[in-house]
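Here is what each chain is made of, one letter per residue.
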Amino acid sequence: MDSLSQLASFVLSHIPGLITLLIILGIGILYVQDRSQVDQTIRRNYPVIGRFRYFFEDLGVFFRQYFFALDREEMPFNRADRSWAYRAAKRESTLQAFGSTRVQHEGDVVFANAVIPFTGESSNTPLTFGPECRAPYTTDRRFHISGMSYGAISKPAVTALALGAKQAGIWINTGEGGASDAHLESGADLVCQIGTAKFGVRTADGHLDPEKLKSLAARESVKMFEIKISQGAKPGKGGILPADKVTPEIAAQRGIPVGEASISPPGHEEINSASDLFDFIHQVRELTGKPTGFKICIGNMDDFRAVLEVLVVAAQKASESVAADQSKQVFEAYLADYAPDFITLDSGNGGTGAAPMSLIDAAGMNIQESLPSVVNLLTSMGLRERIRVVASGKLITPVDVAWALCAGADCVTSARGFMFSLGCIQALQCHQNTCPTGITTHNNKLQRGLDAKVKSNRVANYANEMHAELDTIAHSCGAANASMLNRSHAMIYVGNQRAVSMTQVYAGDLTHEK
Ligand SMILES: Cc1cc2nc3c(=O)[nH]c(=O)nc-3n(C[C@H](O)[C@H](O)[C@H](O)COP(=O)(O)O)c2cc1C
């Protein structure tokens, strides 16, 4: 045997011993590191073994949902609701067997099925936004894609959402990152959001650029503009895109430096009062010729009433300055000029790519409370016919969406419902650039798993299944289609055993109940 093969056999016979030695050495190094560091108490007190705590904490987020959480327990979205979205997106059966697992709580909805259900064929009534604009927008769909900025979500995710929107005939809101090529090339109906940093329509120093706005509006696929006042997950705080996610491409899209966190101001520099808001709506609508509304999460109904009163009082003043026979016309013309064409009402429990926990957890009214109140308020002020109401916030199943349509929403939008259709597993890592499903990360390796073509079909399937099941609910209630749903078609639990007509509950009038 030559010396080389002797050495080889020596090494081979000692491999197990060597490995053991290396492991002991490694543990020893970790032990010394843990004992000597002062940042983490657990590691200092329980060297080496204490490290598993952090490992399990990370894994817990993934595995809780599979092994431990019950069907209706998990947050923010439970497994039962997510499964509906996953199955609808894959066109798998959404039927259930044996019976309901849903426990009724106060405030929950049950639909008021009719003695004789509707059995004919019927499609939604077309809905027009901004009928007096130079270019009004009409849709017969009731469930659309809520704003998620290109930046918060990845390019393949935007591409899949936009192509899916085109396929299903629904709109996609660009979110505050502006309309990217993926949005514009898809041919989908776009609602372009104007965030407080004016990404996509801003001058080099961050102001609104009227020329950029006009040239964006000139595109046929751009249907409406939404001024972002606030978002439910972080009202009072502007958009936040962590530095890790500001890649050269995102930076170019937004006109900001690469690798620096993108923090939008909390408010628009143009809007410091209620009348500024209506002036800004007027300005955007004049420049674009397209329906213009605003997105808001309401914190307090009295504040919101005061804002709308400014509009109504100004319209009244204008109408008083002309002869009595023209006053109604002038009143209406004033509203056509200054009132929003729609209000997107977002829920305090809405989603986000990144936000402070205190605002996520405990700021802003939830949609269950704000939607009925806003619809009542608009009706009482005579504004309901003019201003469309779009509702969002954890409305991802047909029951949620039909509730909102019954309560008075004209349309519903969802962000996270559509993320589930893309395969989101609720890993809660949108702010870390490590999303395991490629949706909220710009890491190419993680994006590879997200095939935009396949997922665009899922986005369209989810929207189509949603519309089909909304019609199923409507038919059960004796209504011809989802656009006919109103408060008479639903009951609300006012205790955990007793349901009262939504008409009475939301009017705040329980005196007629039996
Ligand atoms: C990843 C992500 C990014 C978002 N980006 C924006 C945005 O740019 N502008 C905005 O107004 N809202 C944004 N939102 C909020 C959604 O548009 C929506 O209002 C909220 O999530 C409620 O809908 P949902 O419960 O169906 O997700 C974002 C939400 C998520 C989850």
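Above this text is the structure in question.
Definitions and limits used
- Residues numbered from 1 in each chain as written.
- Predicted model: local features only at pLDDT ≥ 70, side-chain atom pairs only at ≥ 80, totals over all residues.
- Heavy atoms only, no water.
- Helix = DSSP H or I, 4+ residues; strand = E, 2+ residues; numbered from the N terminus.
- Contact = heavy atoms within 4.5 Å.
- Phe/Tyr/Trp six-rings, centres within 6.5 Å; stacked < 30°, edge-to-face > 60°.
- Buried < 20%, exposed > 50% of the residue type's maximum accessible area, 1.4 Å probe, protein only.
- Near = heavy atom within 4 Å.
- Polar contact = N/O pair within 3.5 Å; in protein donor to acceptor, adjacent residues only side chain to side chain.
- Nonpolar A, V, L, I, M, F, W, Y, C, P; charged D, E, K, R; others polar.
- Pairing = 2+ DSSP bridges.
- Axes fitted to C-alpha atoms, helices over the stretch in contact; angles between N-to-C directions.
- Right-handed = clockwise from strand over helix to strand, strands pointing away.

Structurally, the position occupied by alanine 318 is in helix α10 (residues 301–320). The sequence separation of alanine 318 and valine 330 amounts to 12 residues, and the corresponding C-alpha distance is 6.7 Å. Ignoring sequence-local partners within four residues, the contact set of alanine 318 consists of Val330 and Tyr334.

Attention now moves to the packing of aromatic side chains. What the rule picks out here adds up to 13 aromatic pairs. On the numbers, 5.7 Å between centres and 50 degrees between planes, the contact of phenylalanine 55 with phenylalanine 56 is tilted. Classification of phenylalanine 55 as partly exposed rests on a relative accessible area of 46%. Judged by its relative accessible area of 52%, phenylalanine 56 is exposed. Plain terms: the ring middles of phenylalanine 418 and tyrosine 462 are 5.0 Å apart, the flat faces sit at 80 degrees to each other, and that makes the pair edge-to-face. Taken together, the residues span a long stretch of sequence, with phenylalanine 418 in helix α15 (residues 416–421) and tyrosine 462 in helix α17 (residues 452–476) at a distance of 44 residues.

A word on the site of the ligand. Around the ligand, 23 residues are found, and the nearest of them are Ser146, Gly147, Gly351, Lys394 and Arg416. Interatomic distance of 2.9 Å between a side-chain N/O atom of aspartate 346 and an oxygen atom of the ligand. Its residues assigned to classes, the shell around the ligand shows 4 nonpolar, 13 polar and 6 charged.

Attention now moves to the sheet that holds strand β15 (residues 499–501). If you trace the 3 strands from one edge of the open sheet to the other, you get β1-β14-β15, paired in antiparallel fashion. Looking at strand neighbours, the two that pair on one side only are β1 (109–111) and β15, the edges of this open sheet. Averaged over neighbouring strand pairs, the angle between their axes works out to 35 degrees when direction is ignored. As defined by bridge partners, β1 adjoins strand β14 (residues 490–493) across 3 bridges and the pair is classed as antiparallel. Across the sheet, residue valine 110 finds its bridge partner in β14, namely methionine 491.

For the rest of this paragraph, the subject is helix α4 (residues 79–89). Buried residues of α4: Asp81, Arg82, Trp84, Ala85, Tyr86, Ala88 and Ala89, and no others. Each element contacted by the buried residues of α4 is listed here: α3 (51–68), α14 (398–407), α15 and α17. One or two positions beyond α4, positive phi appears at arginine 91, with a value near 55 degrees.

Along any regular strand, the residues point their side chains to alternate faces of the sheet. Most of strand β12 (residues 388–392) is tucked away, with 5 of its 5 residues classed as buried. Going residue by residue along β12, you find Arg388, Val390 and Ser392 tucked away on one face and Val389 and Ala391 tucked away on the opposite face as well. Of the pairings in the sheet, the one linking strand β11 (residues 342–346) to β12 comprises 5 bridges and is parallel in character. The residue of β12 that forms the bridge with threonine 344 is valine 390. Both β12 and strand β13 (residues 411–414) contribute to a ladder of 3 bridges, which runs parallel. From the neighbouring strand, valine 390 faces β13, where its bridge partner is cysteine 411. The β-α-β motif built from β12, the intervening α14 and the parallel element β13 has right-handed crossover chirality.

Further remarks concern the environment of histidine 183. With respect to the helices and strands, histidine 183 occurs in helix α6 (residues 181–186). Its relative accessible area of 1% is what places histidine 183 among the buried residues. Along the sequence, histidine 183 and alanine 162 sit 21 residues apart, while their C-alpha atoms lie 5.7 Å from each other. Dropping the residues within four chain positions of it, histidine 183 is found in contact with Tyr150, Val158, Ala162, Ile172, Thr174, Gly178 and Leu190. For histidine 183, the side chain forms a polar contact with the side chain of serine 180, separated by 2.9 Å.

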